[in-house]
Amino acid sequence: MTDTVLNVSGVSKRFGGLQALSDVGIKIERGQVYGLIGPNGAGKTTFFNVLTGMYTPDSGSFELAGKPYQPTAVHTVAKAGIARTFQNIRLFAEMTALENVMVGRHIRTHSGLLGAVFRTPGFKAEELAIAKRAQELLDYVGIGKFADYKARTLSYGDQRRLEIARALATDPQLIALDEPAAGMNATEKVMLRELIDRIRKDNRTILLIEHDVKLVMGLCDRVTVLDYGKQIAEGTPADVQKNEKVIEAYLGTSGH
Ligand SMILES: Nc1ncnc2c1ncn2[C@@H]1O[C@H](COP(=O)(O)OP(=O)(O)OP(=O)(O)O)[C@@H](O)[C@H]1O
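Everything quoted here is computed from the prediction, not taken from an experiment.

Now for the packing of helix α3 (residues 97-105) against helix α6 (residues 156-168). In the contact formed by α3 and α6, the axes pass within 7 Å of each other and the chain directions differ by 30°. The element α3 and its partner α6 pack so that their crossing is right-handed. Of α6, the residues touching α3 (which contributes A97, N100, V101, V103 and G104) are L162, A165, R166 and A167. Taken together, the residues of the contact of α3 with α6 break down into 6 nonpolar, 2 polar and 1 charged.

Written out as structure tokens, the structure reads:
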């Protein structure tokens, strides 16, 4: 039996005269790593932004774990169960690594603002539990020893890991990674690959936009290729690599 985590269809988005996405749809099963690739300007980031409530689509239907959701705002999407990272890292630079992850966890807590203001016993117990879970997640992504370091002092690769830990902290149905390997050196890429593999083995589901085609082909169970906002191929990495439209799209650009 399949267990579909994300089922999106008919997504279109126009910016003025530019059709950035035309009728794009993807379906991701639980435990899959699903890649979204395409040359520069193909519409990958636009699709991510629509999916996560940052852009309002002109059309599209969206289902997460069998339930319809409306990607109308970033926080509703996070509540629905999609956590994302960003192409340009967005951490709280002056907060510690641990605090950054704790922030992610707070969307799943109950004490709320009044509990925080009056520091009720329930709030304190919850804070301790959150800190413990945050430390576990830092250990999980391999940066546990930097828990008390300010985010801005971590290396680039470690900041990306921290973003992933923060995303995991929300207990998402789907983790959307926007170019996680961007700017990483070869060693960091190998470590990233191992981390994504580990996350998958823990039966989590990942959507990945990535420029590094080798990484995508090595990691993903399925891949969608966008070109000028259109879905030109969908399938296993082996199938997609052989697809003539894909070869043409990539050879036709100097980018990748
Ligand atoms: N907010 C916006 N306003 C107007 N045009 C936009 C906006 N965002 C994206 N576009 C345009 O939509 C098209 C798709 O861009 P998008 O950033 O989604 O592509 P991409 O595949 O992520 O590219 P890259 O690999 O360079 O990140 C591009 O032509 C881009 O210029």
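What follows concerns the site of the ligand. Close to the ligand lie F15, L18, A20, G38, N40, G41, A42, G43, K44, T45 and T46. Counting residues per element, the ones that place at least two in the shell around the ligand are β2 (18-29) and α1 (44-51). The dominant element in the shell around the ligand, judged by the number of residues it contributes, is α1, at 3 residues. Of the residues in the shell around the ligand, the class split is 4 nonpolar, 6 polar and 1 charged.

As a further point, take the pairing of strand β3 (residues 33-37). Most of β3 sits out of view: 5 of its 5 residues are buried. Residues of β3 alternate between two faces, with V33, G35 and I37 on one and Y34 and L36 on the opposite face, all of them buried. Sheet topology places β3 next to strand β9 (residues 222-227); 4 bridges connect them, and they run parallel. Residue pairing across strands places I37 opposite V225, the latter belonging to β9.

Pairing in this open sheet of 6 strands is mixed, and the strands run β6-β7-β8-β3-β9-β10 from one edge to the other. Pairing within the sheet leaves two strands with one partner each, and these edge strands are β6 (82-84) and β10 (230-235). Sheet twist, expressed as the mean angle between neighbouring strand axes with direction ignored, is 20°. Of the pairings in the sheet, the one linking β9 to β10 comprises 5 bridges and is antiparallel in character.

Once that is clear, we can look at the nonpolar core. If you look at the biggest cluster of nonpolar residues, it comprises 66 residues, and the most contacted ones within it are V101, L138, A165, L174, I206 and L208. Looking at which domains feed residues into this core, each of domain 1 (1-81 + 172-256) and domain 2 (91-169) gives three or more. Setting aside chain neighbours within four positions, we find I206 in contact with V33, Y34, I175, L177, I196, I199 and R200.

Over its 21 residues, helix α5 (residues 121-141) runs 31 Å from end to end, which matches the ideal 30 Å to within 8%, given 1.5 Å per residue. What α5 keeps buried is the set I130, A134, L137, L138 and V141. Around the axis of α5, the buried residues are gathered within 100° of arc, so they sit on the same side. Counted as exposed and oriented over 90 degrees from the buried face of α5: P121, K124, A125, L128, A129 and K132. For α5, the elements touching its buried residues are α3, α6 and α7 (186-201). One or two steps after α5, the chain reaches G142, where phi turns positive at roughly 90°.

Taken in spatial order, the 4 strands of this open sheet run β2-β1-β4-β5, and their pairing is antiparallel. Each edge of the open sheet is held by one strand with a lone partner, namely β2 and β5 (67-68). Two strands pair when backbone bridges link them, and strand β1 (residues 4-15) and strand β4 (residues 59-64) are joined in this way by 5 bridges, in the antiparallel orientation. Directly across from V8, in β4, lies its bridge partner F62. The strands that α1 touches are β1, β2 and β4; relative to β1, the one it contacts most, it runs at about 115°.

Accessible area lost upon the coming together of the parts serves often as the stated size of an interface. Annotation of the protein at the domain level lists domain 1 (1-81 + 172-256) and domain 2 (91-169). The C-alpha-based centres of domain 1 and domain 2 are spaced at 26 Å. In this complex, domain 1 contributes 10 residues to the contact, which on the side of domain 2 involves 10 residues. Broken down by secondary-structure element, the contributors of at least two residues to the side of domain 1 that touches domain 2 are α2 (74-80) and α7.

The residue D171 is not glycine, and still its phi comes out positive at about 50°. For D171, the position within the fold is in the loop between α6 and β7 (174-178). A positive phi is found at N203, a non-glycine position, where the angle reads about 65°. A residue is classified by how many C-beta atoms lie within 10 Å of it, and N203, with 9 of them, is exposed.

Reading guide: rules and limits
Residues numbered from 1 in each chain as written. Predicted model: local features only at pLDDT ≥ 70, side-chain atom pairs only at ≥ 80, totals over all residues. Axes fitted to C-alpha atoms, helices over the stretch in contact; angles between N-to-C directions. Helix = DSSP H or I, 4+ residues; strand = E, 2+ residues; numbered from the N terminus. Left-handed = near helix turned anticlockwise from the far one by under 90°. Contact = placed C-beta atoms within 7 Å. Nonpolar A, V, L, I, M, F, W, Y, C, P; charged D, E, K, R; others polar. Near = placed C-beta within 6 Å. Buried ≥ 20, exposed ≤ 12 C-beta atoms within 10 Å, placed from the backbone. Pairing = 2+ DSSP bridges. Core = buried A, V, L, I, M, F, W, Y, C linked by C-beta atoms within 7 Å. Domains from an automatic or database assignment. Expected span 1.5 Å × (residues − 1). Arc of directions from axis to C-beta.

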